[in-house]
Amino acid sequence: MIIRVRSRDGIERVSIDNPNITVGQLKTLMESQLLVPASKQTLSINQNLLLVKTPNEIAQFADMSNPHTPISSLNIRHGSMIFLAYDGSREVAGPKRILNPAGSFGKKMTMDDLIAKQMRITRQEKPYCELVSFDRDAANAFQHYVNETLAFAVKRGGFMYGTVSEVGKVEIDFIYEPPQVGTEERLVLMRDSDEEKLVDAIAMGLGMRRVGFIFTQTVGQNKKDYTMSNVEIAQAVELHAESGLKEWVTALVKLKVNEEGEADVHFEAFQVSDMCVRLFKEGWFDLEGGKDGEVDPKVSRMKKDVVVGGKDVREVDNDFFLVVVKIFDHQGPLSTTFPIENRATPVAMRALKSHLDRTMSLPFVKRISDFHLLLALCRILDINSDIPTLTQCVRTQSAVPEGYQILIQSMANAA
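Every value quoted in this text rests on a predicted model; they were computed, and no experiment measured them.

Moving on, we come to the pattern of salt bridges. Tallied over the entire structure, the rule returns 21 salt bridges. Linking Arg-13 and Asp-317 is a salt bridge whose minimum nitrogen-to-oxygen distance equals 3.4 Å. Of this pair, Arg-13 sits in strand β2 (residues 10-15) while Asp-317 sits in strand β15 (residues 311-317), and the two are 304 residues apart along the sequence. Note on Arg-13: relative accessible area 46%, which makes it partly exposed.

Another point: the environment of Leu-239. Of note, Leu-239 is situated in helix α6 (residues 230-243). For Leu-239, a relative accessible area of 6% translates into the label buried. Spatially, the C-alpha atom of Leu-239 lies 8.3 Å from that of Gly-212, the residues being 27 residues apart in sequence. Sequence-distant contacts of Leu-239, that is, excluding residues within four places in its chain, are made with Phe-159, Leu-189, Arg-191, Phe-213 and Trp-248.

The three strands are arranged β5-β14-β15 in an open sheet whose pairing can be described as mixed. This sheet does not close on itself; its edge strands, each paired only once, are β5 (120-121) and β15. Sheet topology note: the strand β14 (residues 299-308)/β15 ladder contains six bridges and is antiparallel. Of the residues in β15, the one forming a bridge with Val-299 is Asp-317.

With respect to topology, four strands assemble into an open sheet ordered β2-β1-β4-β3, the strand pairing being mixed. Two strands lie at the open edges of the sheet, namely β2 and β3 (41-44), each paired on one side alone. For this sheet, the mean inter-axis angle between neighbouring strands, taken without regard to orientation, is 35°. Here three bridges tie strand β1 (residues 2-7) to strand β4 (residues 81-86), and the two strands are oriented parallel to one another. Following the sheet pairing, Arg-6 is matched in β4 by Phe-83.

For α6, built from 14 residues, the straight-helix expectation of 20 Å at 1.5 Å per residue is met to within 8% by its first-to-last C-alpha distance of 20 Å. Here α6 lies mainly inside the structure; 10 of its 14 residues are buried. What α6 keeps buried is the set Asn-230, Glu-232, Ile-233, Ala-234, Gln-235, Ala-236, Val-237, Leu-239, His-240 and Ala-241. Gly-244 sits one or two positions beyond α6 and adopts a positive phi of about 70°.

So, on to the state of the cysteines. Tallying each qualifying case throughout the model produces zero disulfides. The structure places no disulfide on Cys-276, whose sulfur is separated from the nearest cysteine sulfur, that of Cys-129, by 16 Å. Between Cys-393, a cysteine without a disulfide, and Cys-378, which holds the nearest cysteine sulfur, the sulfur-to-sulfur distance is 14 Å. For Cys-393, a relative accessible area of 6% corresponds to the buried category.

With that settled, the discussion passes to the environment of Leu-51. Here Leu-51 shows up in the loop between β3 and α2 (55-59). Not counting residues up to four positions away in its chain, the partners in contact with Leu-51 are Val-324 and Lys-326.

A separate point is the packing of aromatic side chains. Each pair of aromatic rings is reported with the distance of its centres and the angle of its planes. Under the defined criterion, the tally for this structure stands at six aromatic pairs. Between the aromatic rings of Tyr-161 and Phe-174, the centroid separation amounts to 4.9 Å while the plane-to-plane angle is 5°, which identifies the pairing as stacked. In this pair, Tyr-161 is assigned in strand β7 (residues 157-164) and Phe-174 in strand β8 (residues 169-176), connecting sequence segments 13 residues apart. Through a chain of ring-to-ring contacts, three or more aromatic side chains come together here, namely Phe-159, Phe-213 and Phe-215.

Cut-offs applied
Here, residues in each chain are numbered from 1, in the same order as that chain's written sequence. Thresholds applied to this predicted model are a pLDDT of at least 70 for local features of residues and 80 or more for the giving and counting of side-chain atom pairs; totals over whole chains, interfaces and linings are not thresholded and use all residues. Computation of side-chain values covers all heavy atoms of the structure but excludes hydrogens and water. Here a salt bridge means any side-chain nitrogen of Lys or Arg lying within 4 Å of a carboxyl oxygen belonging to Asp or Glu. The helix count covers DSSP runs of H or I at least four residues long, the strand count covers runs of E at least two residues long, and both are numbered beginning at the N terminus. Relative accessible area decides the class of each residue, using a 1.4 Å probe on protein chains only: under 20% of the type maximum gives buried, over 50% gives exposed, and in between gives partly exposed. Should any heavy atoms of two residues lie within 4.5 Å, those residues are counted as being in contact. Two strands form a pair only when DSSP identifies at least two bridges running between them. In this analysis, axes come from line fits to C-alpha atoms, helices being fitted only over the stretch in contact, and the angle between any two N-to-C directions falls in the range 0 to 180 degrees. What a helix should span is 1.5 Å times the count of its residues minus one. By convention in this document, the label disulfide applies to cysteine sulfur atom pairs within 2.5 Å. Aromatic rings from Phe, Tyr and Trp, with only the six-membered ring used for Trp, were paired whenever their centres fell within 6.5 Å, and each pair was classed as stacked if the ring planes differed by under 30 degrees, edge-to-face if by over 60, and tilted otherwise.

As structure tokens, this is what we get:
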């Protein structure tokens, strides 16, 4: 079988005859095939190994430290990805080059050949986004719905809104879920441009902007060994390219089996690479080729050959396009207790009365400090005058003018 090994040098493959070998035997094979001394190898199934720098940080990744552990007990099988950190340097093996007897001037090349020779797919090691921090309430409201209501049986997605600092720190403070249709393998966004204008207006008033996209992987996808499928890569890069934001973050949520054999909800964050965005904008992705299932979902098919690791290929491992982003959390300025838009149960205005009754003990500005409530109000109040006034109050946590308090309360009572 073949195991994929990702290190600072990119993705390489190790051939294994016996799937029941131990970690120590795997290290010996890697020493012979990848030329990394076994004594200098640190292995893990946790991709965050590639983010750490110091020996003390590396030592925390102990899941593959016992040389007697069978790799099968770590759920490592054909096609699995493991991560490698090592000291020192090495010569990464590349393909042998065969010179044309006619020499450089004896071979005719088309313009497409010349472009392909220049289109070399390399890994982007550093993201523009230093880290992404999720508001706990917003993240919990999203994962709770897909876990408890959808049971991770169909895909779900949303646009993430927040702020970007000067050093590239992205903070997510609310998630807008557009109209959509999800299946086990695909997520189709039925985008409503008018509604998105309302969302963007609220965000602007709060001093925020659209900063990323979040989606779920289903339990059926968990049985397939990839970080993102080619369909997910195509959707992620399209939205990244549309945003024009270099710090744009793509987050995924999935179930992951823990050490006790129980399923935990797991968040991961990435940026698609500059090369991926360039290939998409220049039309290199063969977006039609994989629709009938003939392409392995672990790879993205190109319309023409590209150069990866010195080889001309038409299919590129999706992991080449992903740059890992560190995840943190925080308590942001907004609550997420009002019913969320575009879910199975439509949001009725009587939800406004229930919300205001439930939060009666709080200052009025706190009671309306919820993006999803503000979006509901947008459908009745004026987007050019009323909403900017309310969002300014929420942003500064200042008192809401009495006239607006009476108006909103009367809307709730009339529902």
